[in-house]
Amino acid sequence: MKYSKATNYALHTMLYLVNVTPEKHVGVQQLATHQDVSTTYLSKILTKLAKAGMVESVSGANGGYKLKPNWEDISFLDIIQAIEGPTSLFDYCLHHDPNCLIQKVIVSAEEKMLDELRNQKIVDIAKQMTGSQ
């Protein structure tokens, strides 16, 4: 199991947007500079986040990206699935007998991980960061 760099950048971008000010538009250049990534690459990631309904973009001099009003409900799983799609976390074959004990362990582990990612909100991480500063 391995997430792409795009997912890593998406998680950090969302965290940055929560910390900057959820109501403020932030330019893609500022977001890209903060993570030392190209604006073209980050723009593609932001497009996926926008399609998933997590951020909105505004063109123009005061434009950029900002969080959508429901930003406090956004979980790690929401962000991961916006980038990766609703894929399985483990690469395993389901062509076994339904009673396969190995498959049961893998499926159980995946369900627990999905629950953890679903319950971990990006806002909670932001609060931990501001609380420790």
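Residue indices begin from 1 for each chain and proceed along its sequence in written order. Totals for whole chains, interfaces and linings use every residue, but because this is a predicted model, local features are given only for residues with pLDDT of at least 70 and side-chain atom pairs only at 80 or more, for both listing and counting. Remark: hydrogens and water are excluded; side-chain values derive from all non-hydrogen atoms of the structure.

(A) A look at the packing of aromatic side chains. When two rings of Phe, Tyr or Trp (its six-membered ring) have centres within 6.5 Å they constitute a pair, described as stacked for plane angles under 30 degrees, edge-to-face for angles over 60, and tilted for the intermediate range. For the structure on display, the rule yields 1 aromatic pair. For the ring pair Tyr9 and Tyr41, a centre distance of 5.7 Å and an interplane angle of 85° mean the geometry is edge-to-face. Residue Tyr9 is found in helix 1 (residues 5-20), and its partner Tyr41 is found in helix 3 (residues 39-51); the two are separated by 32 residues along the sequence. Only protein chains enter the calculation, and the probe is 1.4 Å; a residue is then buried if its accessible area is under 20% of its type maximum, exposed if over 50%, and partly exposed in between. Tyr9 gets classed as buried once you look at its relative accessible area, which sits at 17%. A run of H or I in DSSP becomes a helix once it reaches four residues, and a run of E becomes a strand once it reaches two; helices and strands are each numbered from the N terminus.

(B) Highlighting the packing of helix 2 (residues 28-35) against helix 3. Under this scheme, a helix contributes an axis fitted over its contacting stretch, all axes are lines through C-alpha atoms, and angles between N-to-C directions fall in the 0 to 180 degree range. In the contact formed by helix 2 and helix 3, the axes pass within 9 Å of each other and the chain directions differ by 110°. Comparing their axes, helix 3 and helix 2 come out roughly perpendicular. Between helix 2, through Val28, Gln29, Leu31, Ala32 and Gln35, and helix 3, the contact on the second element is made entirely by Thr39, Leu42, Ser43 and Leu46. For the contact of helix 2 with helix 3, the per-class residue count stands at 5 nonpolar, 4 polar and no charged. Under this scheme an angle from 65 to 115 degrees is roughly perpendicular, one under 35 degrees roughly parallel, and one over 145 degrees roughly antiparallel; angles in between are oblique. Residues count as neighbours in contact if any of their non-hydrogen atoms are within 4.5 Å of one another. Residue polarity is assigned by list, with Asp, Glu, Lys and Arg as charged and Ala, Val, Leu, Ile, Met, Phe, Trp, Tyr, Cys and Pro as nonpolar; anything else, Gly included, falls into the polar class.

(C) Region of the structure containing the pattern of salt bridges. Only one rule defines a salt bridge in this text: a Lys or Arg side-chain nitrogen within 4 Å of an Asp or Glu carboxyl oxygen. Inspection of the entire model under this criterion finds 2 salt bridges. For Asp115, the salt bridge identified is with Arg118, shortest N-O distance 2.8 Å. Remark: Arg118 and Asp115 occur in helix 5 (residues 101-119); sequence separation between them is 3 residues, near one turn of the helix.

(D) Summary view of the side chain of Gln35. In this structure, Gln35 sits in helix 2. On the basis of relative accessibility, which here comes to 14%, the residue Gln35 falls in the buried class. Definition of a polar contact: a pair of N or O atoms within 3.5 Å, with one able to donate and the other able to accept a hydrogen when the atoms are protein atoms, and with sequence-neighbouring residues admitted only if both atoms are side-chain atoms. Among the polar contacts listed, one links the side chain of Gln35 to the backbone oxygen of Tyr9, at a separation of 3.4 Å. Of the polar contacts made by the side chain of Gln35, one reaches the side chain of Thr13; its length is 2.6 Å. Apart from the residues lying within four places of it in its own chain, the contact partners of Gln35 are Asn8, Tyr9, His12, Thr13 and Leu42.

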